[in-house]
Amino acid sequence: MADDEQRRETVSTGVGVLDRVVAILDAVEANPMGASEIARALGLSVPTAHRLVSAMVKHGLLHRDDDGRHHIGPRFASSALTAAATPVLTGLRAETGETAQLWVLRGEDRLCVASEESPHELRAAVPVGTVLPLSDKGSAALALTGAGRGWVESVSERTPGLCSVSAPVRYRGDVVAAVCLAAPVFRVSDDGPGAQYGDLVVAAAETLERALRHR
């Protein structure tokens, strides 16, 4: 008991909500559990625990499995993803000659966290740090929102004259990112970007999934 009290005192910052969030993360990292169990373990009221846990799941700080237990969430995979993405995207660009990107979910938006641009003068270019609403569509938005397990494509949907094909990256069953290959329509075969590049994009996404499993 004394050790528990000392630990709570050590991590207390006086910012109550933040301290509770960190305490929840510490608790589920050691032992995945449901919201009511979290309440008992941390001395929180059940409604408070459920409210905090629900918000943390929504922000990707926690992952709720099929048994109702909570684990560390997919948001914490972002740094590992970004580190692993550069060689994967560089290889995809080298094989196709087109721009390869990695997008992650941020609420109702998507954020570009890595990009390797095509060497062609005319190319699809989106700088790292770009935030786009999911409602703007495009293949990366479709992949991030679970439109399919394989690749999904978009042709002149978000930007006229450009097309793309994307594949989801999953971690513990959740979609945490999307690998996207984007190109001008005129450089893509009549069958579309999916038929031409879909298998390569899916392979790149699977490489990142393996990197996450072994991090």
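Figured I'd write up the structure that's included with this text. Nothing here was measured: the structure is a model prediction, and the numbers come from that model.

What counts as what
Residues numbered from 1 in each chain as written. Predicted model: local features only at pLDDT ≥ 70, side-chain atom pairs only at ≥ 80, totals over all residues. Heavy atoms only, no water. Helix = DSSP H or I, 4+ residues; strand = E, 2+ residues; numbered from the N terminus. Buried < 20%, exposed > 50% of the residue type's maximum accessible area, 1.4 Å probe, protein only. Contact = heavy atoms within 4.5 Å. Core = buried A, V, L, I, M, F, W, Y, C linked by side-chain atoms within 4.5 Å. Salt bridge = Lys/Arg side-chain N within 4 Å of Asp/Glu carboxyl O.

Another point: unusual backbone geometry. Positive phi outside glycine occurs at K137, with the angle close to 65°. Mapped onto the secondary structure, K137 falls in the loop between β5 (131–133) and α6 (139–144). Located in the positive-phi region is S156, a residue other than glycine, with phi close to 55°. Classification of S156 as partly exposed rests on a relative accessible area of 35%.

Within the secondary structure, A167 sits in strand β7 (residues 162–171). Taking the C-alpha atoms as reference points, A167 and L42, separated by 125 residues in sequence, lie 39 Å from one another. When sequence neighbours within four positions are dropped, the list of residues in contact with A167 reads A143, G150, A177, A178, V179, V201, V202 and A205.

Another point: the nonpolar core. Counting 30 residues, the largest nonpolar core has L81, L102, V169 and V179 as the members making the most contacts within it. When contributions to this core are tallied by element, the ones reaching two or more residues are α5 (78–96), β3 (99–106), β4 (109–116), β7, β8 (174–184) and α7 (193–213). Those residues in contact with V169, other than ones at most four positions away along the chain, are L81, D174, V175, V176, A177, A178, V179, A205, L208, E209 and L212.

On to the pattern of salt bridges, then. In this structure the tally under the stated criterion is five salt bridges. Across the salt bridge formed by R69 and D65, the nearest N and O atoms sit 3.2 Å from each other. Owing to a relative accessible area of 37%, R69 belongs among the partly exposed residues under this scheme. Here D65 falls in the buried class, since its relative accessible area comes to 12%. A salt bridge links R93 to E116; the nearest nitrogen and oxygen atoms lie 3.4 Å apart. One end of the pair, R93, is in helix α5; the other, E116, is in strand β4, with 23 residues separating them in the sequence. A relative accessible area of 25% means that R93 is categorised as partly exposed.

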